[in-house]
Amino acid sequence: MASTPRVIRRLPDTLINRIAAGEVVERPASALKELVENAIDAGAGQISVRLAEGGLGLIEVTDDGCGMRADEIALALERHATSKLPDEAIELVATLGFRGEALPSIASVARVTIESRSRADGEAWKRTIDHGALVSEGPAALPPGTRVRVEDLFGKIPARRKFLRSPRSEWASSLDVVRRLAMARPDIGFTLEHDGRRALHVQPGDTLAARVAQLVARELADNAVAVDLLRGDYHLMGVAGLPTYNRGVADHQYLFVNGRPVKDRLLLGAVRGAYADMLARDRHAVLALFLDVPAAEVDVNVHPAKTEVRFRDSALVRGLIVTGLRQALSTGDRRSAQAPDAGAMRSWQAEPVAPAPLFTPPPAPEPARQGSIFTPSYQPARVSEAGQAWRGYEAGVMAPPVARAETAAEPVPEAVEHPLGVARGQVAKTYIVAEASDGLVIVDQHAAHERLVLERLRAAGAGEGTAPAQALLLPEVVDLDEPSCDRLEEAAPRLADFGLALERFGPAAMLVRSVPAALAKGDVQALVRDVADDLAKHGDALLLGERLDLVLATMACHGSVRAGRVLSVPEMNALLREMEVTPRSGQCNHGRPTWVKLAHGDIEKLFGRK
């Protein structure tokens, strides 16, 4: 059967615009981004955004910029017509937009009404396009500036409309777009309304740090350091959260190049490298970085949505970010986001100045028992210095100890009785060293206890509606952004099965009434934020049961003993004994090993005895 001959032809403008819309207008948030960028490029000092149904029903952007004349409105709706490229030097573009595709692309897949009044001649004009066809035009009444109204997006293209997400998901994406653009321009005021309710409002003229804290989290102002590094024509500024102030997903990292919000792998990798030795692998920094580089040194025309860039000297950019962050975090500030424990502060005491007895007998140790990890740790015997004179030379001749072992106050138990042996000491306040009958066992205390807490939650009926919960005497309010609250509210009935009772408390807060009993002493604020991050990270990609398993693992992580916690020998042995009777205790909730063993033969090989 002969195939039908294909003839090359020019595509009609309406089809060309729809094809372009497939690249530029993926969803309501994409159209909103283009419109707000146009308002910024027009020199606006105040931008107001109104949305309905997450942008599916309505997107309206109003600015007080330079405005357009009637003939300029008509020209702006044609493809590749723009005022942002006065010549052919596209590599020197200084505006957010420059291609001239956004308005005609949006107008080809929605009903678009543009009203504008030029500051030059003072006449206002209105033009309406419905899915590529001119509907009406004529005089309008509005102050100097421009108002663009987009309705019924993809209304006549059901094949595109059915692939859009729910209004709640589209609203979350739209909010993120406005938040990033508002962060990039603290000199501009922004107002965002959704379904008749104001969701965001910032005044023009904010400082960079104040604008970032207002849009990301109020507590960031007290838990961040300023970043400011100049290297030649490259300038890095911003706000970097302390390593102890972190989140479970990387969605709270805001990166800007010449005022343009970007999501670039090079920049994200540099941020990860800067925090590499200060954060766990599954934790992410909270920050906003603003990089200014010469226009000729960066190519912004490498992605349809202009969210990626390419640098001429990528090594210089990476080095600038890593150096700037590390300098700010190491020399600029030595604070911690976690307040010191009150019990630990009460334990401080002055060192004796006069000679003291060489050995102070220890108190009688408590017997080992299950769950003793949550009790105050046993205080080991301490050796007092002979006098104050030695203290002046100690720092110069002795490195600080990174391991400890307690003096045996009772007969040392035999290792043969237990598969994981008996505890002999603790290394770097993180690893338990135990002696077994057939070798040496090293246990990661946090990873091991994380698994034990998870199995306790499961055994208690978490997820089946029978998990014991600890009611809070005073319900705690956790401030979050609105999309996070929406996700938590949707998952609240199932979270209650785990013992975590949540209620909506306004548009941007959740009320916590109870927590799982096993996590009664944990940080409620951090727990709820990480659960919200888990729901955002995995979204609809996993089944409900799989998502809730991940949430349960997050809860277990918050209830486990942390690395850096000093444990007494009875506590270490209690942990080992519980590991021996707990299923799946060889791996933590993230799949990493909780313990390793060096057999006697392996140790002999290390010392050349075998």
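As a convention, each chain's residues are numbered from 1 in the sequence order in which they are written. The predicted nature of this model means local features are confined to residues of pLDDT at least 70 and side-chain atom pairs, given and counted, to a pLDDT of 80 or more, with totals for whole chains, interfaces and linings taken over all residues. As a rule here, side-chain values cover all heavy atoms of the structure and leave hydrogens and water aside.

**Quick look at a nonpolar patch on the surface**
Rules: Only residues whose relative accessible area exceeds 30% and that form no salt bridge enter a patch; like-charged residues are grouped when within 9 Å of one another, and nonpolar side chains (Val, Leu, Ile, Met, Phe, Trp, Tyr) when within 5 Å. In these tables, accessible area is a Shrake-Rupley quantity obtained with a 1.4 Å probe, and a residue counts as shielded only by the protein chains included in the view. By definition, a salt bridge exists where a carboxyl oxygen of Asp or Glu is found within 4 Å of a side-chain nitrogen of Lys or Arg. Each helix is a run of H or I in the DSSP string that is no shorter than four residues. Each strand is a run of E no shorter than two, and both are numbered from the N terminus. Buried means the residue's accessible area, taken with a 1.4 Å probe over protein chains only, is under 20% of the maximum for its type, while exposed means over 50%, and partly exposed covers the values in between.
Taken together, the side chains of Leu598, Leu606 and Phe607 make up a nonpolar region of the molecular surface, amounting to roughly 350 Å² of accessible area. Within the element layout of this structure, Leu606 appears in helix α17 (residues 600-606). Overall, the relative accessible area of 63% leaves Leu606 in the exposed class.

**Details of the packing of helix α6 (residues 167-184) against helix α7 (residues 208-216)**
As a reminder of what qualifies: An axis is simply a line fitted to the C-alpha atoms; with a helix, the fit covers only the stretch in contact. Between two such axes, the angle follows the N-to-C directions and lies from 0 to 180 degrees. Put simply, angles under 35 degrees are roughly parallel, angles over 145 are roughly antiparallel, angles from 65 to 115 are roughly perpendicular, and the rest are oblique. In this scheme, a crossing is called left-handed if the near helix is turned counterclockwise away from the far one by less than a right angle; it is called right-handed if the turn is clockwise. Any pair of residues with heavy atoms lying within 4.5 Å of one another is described as a contacting pair. Basically, the charged four are Asp, Glu, Lys and Arg, the nonpolar ten are Ala, Val, Leu, Ile, Met, Phe, Trp, Tyr, Cys and Pro, and anything else, Gly included, counts as polar.
At a closest axis distance of 9 Å, the pairing of α6 and α7 adopts a crossing angle of 170°. On the basis of their axis angle, the class for α6 and α7 is roughly antiparallel. As for how α6 packs across α7, the hand of that crossing is right-handed. Contacts between α6 and α7 involve Arg179, Ala182 and Met183 from the former and Leu208, Arg211, Val212, Leu215 and Val216 from the latter. Looking at the contact of α6 with α7 residue by residue, the classes come out as 6 nonpolar, no polar and 2 charged.

**Observations regarding the side chain of Arg179**
Note the following rule: Here a polar contact means two N or O atoms within 3.5 Å. Within protein one must be a hydrogen donor candidate and the other an acceptor candidate, and residues neighboring in sequence count only if both atoms are side-chain atoms.
Counting through the fold element by element, Arg179 comes out in helix α6. Here Leu215 takes part through its backbone oxygen, which lies 3.1 Å from a polar atom of the side chain of Arg179. Beyond its immediate sequence surroundings of up to four residues, Arg179 is in contact with Leu200, Leu215, Tyr254 and Asp481.

**Details of the pairing of strand β4 (residues 124-130)**
Short version of the rule: A pair of strands is labelled paired if DSSP reports no fewer than 2 bridges between them.
With 5 of 7 residues buried, β4 lies mostly within the body of the structure. When strand β3 (residues 111-117) meets β4, the two strands line up antiparallel, connected through 7 bridges. Its bridge partner lying in β4, Ser116 is registered against Trp125. Hairpin connection of β3 to β4: 6 residues between the antiparallel strands, including Gly122 at a positive phi of 80°. In this structure, β4 lies alongside strand β5 (residues 133-139), joined through 6 bridges in antiparallel fashion. Within β5, the position partnered with Trp125 by the bridge is Pro139. Between the end of β4 and the start of β5, which pair antiparallel, lie 2 residues, with His131 showing a positive phi angle near 50°.

**A look at the environment of Gly506**
Relative to the helices and strands, Gly506 is located in the loop between β23 (501-504) and β24 (509-516). Judged by relative accessible area, which is 38%, Gly506 ranks as partly exposed. Along the backbone, Gly506 and Cys485 are 21 residues apart, and their C-alpha atoms lie at a distance of 9.2 Å.

**With respect to the nonpolar core**
Convention followed: In this description, a nonpolar core means a group of buried Ala, Val, Leu, Ile, Met, Phe, Trp, Tyr and Cys residues linked to one another through side-chain atoms lying within 4.5 Å.
With 59 residues, the main nonpolar core has Val36, Ile47, Val61, Val150 and Phe190 as its most contacted residues. Considering each element in turn, this core owes the most residues, 8 residues, to α6. Contacts of Phe190, omitting those with residues within four sequence positions, involve Val36, Ile40, Gln46, Ile47, Leu181, Ala182, Arg185, Leu200, His201, Val202 and Arg211. Formed by 33 residues, the second largest nonpolar core is a distinct cluster that contains Leu255, Val262, Leu279 and Leu329.

**What to know about helix α16 (residues 569-581)**
So the rule is basically this: Helix span is expected to be 1.5 Å times the residue number reduced by one.
The end-to-end C-alpha separation of α16 is 19 Å, in line with the 18 Å expected for 13 residues at 1.5 Å each. Within α16, 10 of the 13 residues are buried, leaving the element largely enclosed by the surrounding structure. Every buried residue of α16 is listed here: Pro570, Glu571, Met572, Asn573, Ala574, Leu575, Leu576, Arg577, Glu578 and Met579.

**A look at the environment of Asp71**
Tracing the backbone shows Asp71 in helix α3 (residues 70-76). The exposure class of Asp71 is partly exposed, given its relative accessible area of 48%. Put simply, Asp71 and Trp125 are 54 residues apart on the chain and 9.3 Å apart in space, counted from C-alpha to C-alpha.

**Regarding the sheet that holds strand β8 (residues 197-202)**
Strand order in the open sheet made by the 8 strands is β5-β4-β3-β6-β2-β1-β7-β8, with mixed pairing throughout. With partners counted over all chains shown, the strands left at the sheet margins are β5 and β8, one partner each. Between one strand axis and the next, the sheet turns by 10° as a mean value, whatever way the strands run. Each of β1 (46-52), β2 (58-63), β6 (145-151) and β7 (189-194) is contacted by helix α2 (residues 28-41), which is oriented at about 10° to β2, the strand it contacts most. Contacts between α6 and the sheet are confined to β1, β7 and β8, with β7 contributing the most and set at about 170° to the helix.

**Focus: the side chain of Thr113**
Within the secondary structure, Thr113 sits in strand β3. Relative accessible area serves as the criterion here: at 9%, Thr113 is assigned to the buried category. Among residues more than four places away in sequence, those in contact with Thr113 are Lys126, Arg127, Thr128, Arg147, Val148 and Arg149.

**Description of the confidence of the model for the protein chain**
We apply this condition: What pLDDT conveys is the predictor's confidence in a given residue, as a value from 0 to 100.
Scored by pLDDT, the protein chain has a mean of 79; 74% of the residues are at 70 or more. In this model, residues 336-399 is a region of pLDDT below 50 whose contacts with residues beyond four sequence positions or in other chains number 66 contacts.

**Structural notes on the pattern of salt bridges**
The final tally for this structure, using the stated rule, is 29 salt bridges. In this structure, Arg27 engages Glu170 in a salt bridge whose closest nitrogen and oxygen atoms are separated by 2.9 Å. Pair noted here: Arg27 is in the loop between α1 (13-24) and α2 and Glu170 is in helix α6, with a separation of 143 residues, a long-range link. We note that Arg27, like Glu170, is buried. Between Glu490 and Arg168 there is a salt bridge whose closest N-O contact spans 3.8 Å. Taken together, the residues span a long stretch of sequence, with Glu490 in helix α13 (residues 482-497) and Arg168 in helix α6 at a distance of 322 residues. The network of salt bridges with shared partners includes Arg50, Glu60, Arg149 and Glu151.

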